[in-house]
Amino acid sequence: MGFAVSRFSVGVVAAVSLLIAVVMICAQPALAVQSARTRAVAAATCSPALQGISLSPASVPGGAPSTVTATLACSPKKALTITLKGFSGTRVPAALHVAAGKISASGTITTATRKTAVRGWIRGTLGKTSRQALLTVGVTPKTCQSPALSAASLPSLAYVGDHVVLGVKLTCTPAKAVRLSLTSTDAPAAAPAIPVPSTVTIGAYYQSVSIVLAPKMYQPGQYKSTVSVRYGGRTLSRAITVDPGLSQFANSPSSCSPNSVNLTIFFTGQVPAGGLSVKLKSNNAAVTVPATVAFTQQGSIGGMVAGVTVNSVSKNTKVTLTATLGSRTLTVSVVLLATWQSGDKITLVPSPGPGPFYGPSFGYEYLVNLSNPAPASGLAGTATTDDPDAVQNLTSPVEITPGCTSTVISFYVPYESAPVHAVVTVSIGGSTAAASLTIEPSLASVTLPATIVGGQSGTGTVTLAGAPDVAETVYLESTWGILTVPNSVTVPAGQTSVTFPITTVAVTSDSQVNVTASHNVSDQVADSVTSNAIDVTP
C-alpha cells in the first residue's frame, strides 16, 4: 500500500503486542494453568542457558529505539543477569535481569541520528554462552515540527478471520512521537464494529504506521464498518465491507467406506448476495479437488463440496487438503488406505466392554476391525472358539462388505457355575486374530429375611453359582424406597457369597419389597436375579 509497514514505533509495537497477548490469553487459557508440582519439577531440572537475543524491530532509522529481548532455555530458580554489548552509535542496557521463575527480560536500545546507514551486532552473554542479533540503523530522515495526516488506506473487502491492515501516513516525518486517535462504526447498527485501539503512536523518525485489525463475526452475514483516524484537526475515514469467513472445513467419510472424501465447508455467517468463493488445494494427486468452490445460495451457511475425486493407492497415503478464504486457511487431513492384502491386521474389540462376562445373557459382541478396507469382492472368513459350550451361537461365517473395514460377531453366554477361560479366533483373507475372554460364575440367589419391622436394620445375602477366580462386583437395587441397600457389593475371589446391610423406614401397614441383584459388563446389565419378598411390618 505504499507504506513502510516495517516501521513501527515503540508505542505501536507495545499496543499491537498487547492486543496479540490478549488474544493469545483468551484463545489459550490452558497455557495459563500450570500446577505447582509441574513448576517445581521444571525449576528443579532447569539448566538456564541463554537461548537467544532478539530485536523488535531489527531495522530502525537513526534516532529511533528498538527493543532487545534475552530468552533463556527454561525458567531459573534464582534471578539471572545477562550482560549486553552494542556497537558505535547505539546505547544498550548494561544488563538484562531475568527474574526467578521467568524466561525472558527486555530493555530499550537507543540509537543516534545518522547520515549513513550502519549494521552491527547486539550481543548478550550469560556465563560462557553468548548470543547475538543483527541491528540495522538506517539514515535519519529529514524531520518536521508540524506533521499532519496525509493518507489512510484500508481494503474495501475483508472476511471474518482476516488480519486487515489499516495504513496511516503523515505529511512528513515528525521529530517527536505523534499520537493518533482511532474509532470505528458499523452498519447495520446490530453489527459489531471492527475493534480498533483508541490511540496509536507513530514514533519519532517514522512517517507511517500499519495497524492490524481483526473483524468480528456477525451471524446474519455481511456488514459494513467505517474506521476513522484523527490527528490535529483532520479526520480520515475509510469504509470496509466484511463478509463471513471460514468457520469449519471437515471431512465425513462413510462409515463403510473409509477412503471416501466428503468435504463440507461452513462459514461464520450467512452467505451474502453475490456468494462466497473458496480456494481449494490438495497436496497429493490421490485426492483431487476443484480449484475453487462457489457458495451462491444467499442465506445459507455453507454445505458440501462437489467435484472431489479419490484415486486408489498402493500403500496407506496421507493427503492434506486446504480451504482458503481471504487470509484464513483451514486444513483437513485424510489417510487413504490400500486395499486389503493377505497378512494385513485384524483386531478384535469386545463389546460392550472387556469383561469378564456373565450368563445367561445375549448381546455380547466382538467388533472385527480390519487395518485396510475389503476389496471390491468383499471378504469372508470364520469365527471359532475352543469352548463352544461356554461361548454359544458364535457368528460364523464372518463377512466384510466391499470397502468396509469392520463387522460384528455375536455370542451367547449360558448359566455358569465355575470360571471359564475361552478363546475366540477370527480368520479372514489370510489373516488371523484371537481374543481371550473370561466368564465368571452366574448369580444364584439373593436372600432377605422373611419379615422385618419398619425402621429396623437387617442383613441380606448374595450367592453365586460358584466361586469366581477374581473378585466380582454385584449391583443391588431395591424395588421400593422403604428398604435401602448398598449400590453394590463385592464377592471376593474364591468365595461364593457375601452379606450386605439393609435398612427400612417405618410403615403403617404390611408392605412387601424385593431386591434385584445383577452383574454389569460396562454399562450393560448381564444376568440378574430377584430376591424373595421381605414383609416390612408396622
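For the structure, check the block above.
This structure is a prediction, so every number in the text was calculated from the model and none was measured. (Residues numbered from 1 in each chain as written. Predicted model: local features only at pLDDT ≥ 70, side-chain atom pairs only at ≥ 80, totals over all residues. Heavy atoms only, no water.)

**Here we look at the overall build of the protein chain**
Then, number 1: Each helix and strand counted, the protein chain has two helices and 46 strands in total.
Then, number 2: Relative to the 2.2 N^0.38 estimate, which gives 24 Å for 538 residues, the radius of gyration of the protein chain is 36 Å and therefore markedly larger than a compact globule would have.
Then, number 3: Along the longest, intermediate and shortest principal axes, the C-alpha atoms of the protein chain span 105 × 60 × 60 Å.
Then, number 4: Look at the contacts in the protein chain between residues 6 or more apart in sequence, and 63% of them connect residues 24 or more apart. (Helix = DSSP H or I, 4+ residues; strand = E, 2+ residues; numbered from the N terminus. Rg over C-alpha atoms; globule rule 2.2 N^0.38 Å. Contact = heavy atoms within 4.5 Å.)

**Regarding the pairing of strand β41 (residues 488-491)**
Then, number 1: Burial along β41 is one-sided: Val489 and Val491 are buried, while Ser488 and Thr490, pointing the other way, are not.
Then, number 2: Bridge analysis of strand β39 (residues 472-478) against β41 gives four bridges, and the strand direction is antiparallel. Bridge pairing in β41 places Thr473 opposite Thr490. (Buried < 20%, exposed > 50% of the residue type's maximum accessible area, 1.4 Å probe, protein only. Pairing = 2+ DSSP bridges.)

**Remarks on the state of the cysteines**
Then, number 1: The full count for this structure, using the stated rule, is two disulfides.
Then, number 2: Two residues, Cys144 and Cys172, share a disulfide whose sulfurs are 1.7 Å apart. Its torsion about the S-S bond being 75°, the disulfide of Cys144 and Cys172 is classed as right-handed. Within this pair, whereas Cys144 is found in strand β10 (residues 143-144), its partner Cys172 is found in the loop between β13 (164-170) and β14 (173-174), the two being separated by 28 residues in sequence. Just as Cys144 is buried, Cys172 falls in that class too. (Disulfide = S-S within 2.5 Å.)

**Considering the nonpolar core**
Then, number 1: Core analysis: the biggest nonpolar cluster contains 48 residues, and Leu166 and Leu180 have the highest contact counts within it.
Then, number 2: Among the elements that take part in this core, β13 stands out by supplying four residues, more than any other.
Then, number 3: Those residues in contact with Leu180, other than ones at most four positions away along the chain, are Leu149, Val168, Ser198, Thr199, Val200, Ile202, Val209, Val229, Arg230 and Tyr231.
Then, number 4: Counting residues in each nonpolar core, the second largest holds 32 residues, with Val398, Cys404, Ile409 and Val521 among its members. (Core = buried A, V, L, I, M, F, W, Y, C linked by side-chain atoms within 4.5 Å.)

**Some thoughts on unusual backbone geometry**
Then, number 1: For the peptide bond that leads from Ser56 to Pro57, omega is -5°, which places it in the cis range.
Then, number 2: Counting through the fold element by element, Pro57 comes out in the loop between β1 (50-56) and β2 (59-61).
Then, number 3: Note the cis peptide between Gly355 and Pro356, where omega equals 5°.
Then, number 4: Structurally, Pro356 can be placed in the loop between β29 (346-351) and β30 (361-370).
Then, number 5: Phi is positive for Tyr205, which is not a glycine, with a value near 80°.
Then, number 6: With respect to the secondary-structure elements, Tyr205 resides in the loop between β16 (199-202) and β17 (208-213).
Then, number 7: Residues other than glycine seldom take positive phi values, yet Asn393 does so here, at roughly 55°.
Then, number 8: By the secondary structure assignment, Asn393 is in the loop between β31 (379-385) and β32 (398-400).
Then, number 9: The exposure class of Asn393 is exposed, given its relative accessible area of 59%.

**Things to note about the sheet that holds strand β24 (residues 292-295)**
Then, number 1: Read across the open sheet, the four strands follow the order β24-β22-β27-β28; overall the sheet is antiparallel. At either end of the open sheet lies a strand with only one pairing partner, and these are β24 and β28 (328-336). The sheet shows a mean angle of 25° between the axes of neighbouring strands, taken without regard to direction.
Then, number 2: In this structure, strand β22 (residues 276-282) lies alongside β24, joined through four bridges in antiparallel fashion. In the sheet register, Leu276 faces β24, and the bridge partner there is Phe295. (Axes fitted to C-alpha atoms, helices over the stretch in contact; angles between N-to-C directions.)

**What about a nonpolar patch on the surface?**
Then, number 1: Together, Val349, Leu367 and Val408 make up a nonpolar patch on the protein surface, roughly 180 Å² of accessible area in all.
Then, number 2: Structurally, Val408 is set in strand β33 (residues 406-413). (Patch = residues over 30% accessible without salt bridge, like charges linked within 9 Å, V, L, I, M, F, W, Y side chains within 5 Å. Areas by Shrake-Rupley, 256 points an atom, 1.4 Å probe, with all protein chains shown as cover. Salt bridge = Lys/Arg side-chain N within 4 Å of Asp/Glu carboxyl O.)

**A closer look at the packing of aromatic side chains**
Any pair of aromatic rings gets described here by the distance separating the centres and the angle formed by the planes.
Then, number 1: Evaluated as defined, the whole model comprises seven aromatic pairs.
Then, number 2: An aromatic cluster is present here, built from Phe357, Tyr364, Tyr366 and Phe411 joined pairwise through their rings. (Phe/Tyr/Trp six-rings, centres within 6.5 Å; stacked < 30°, edge-to-face > 60°.)

By themselves, these observations are geometric and do not establish any function.
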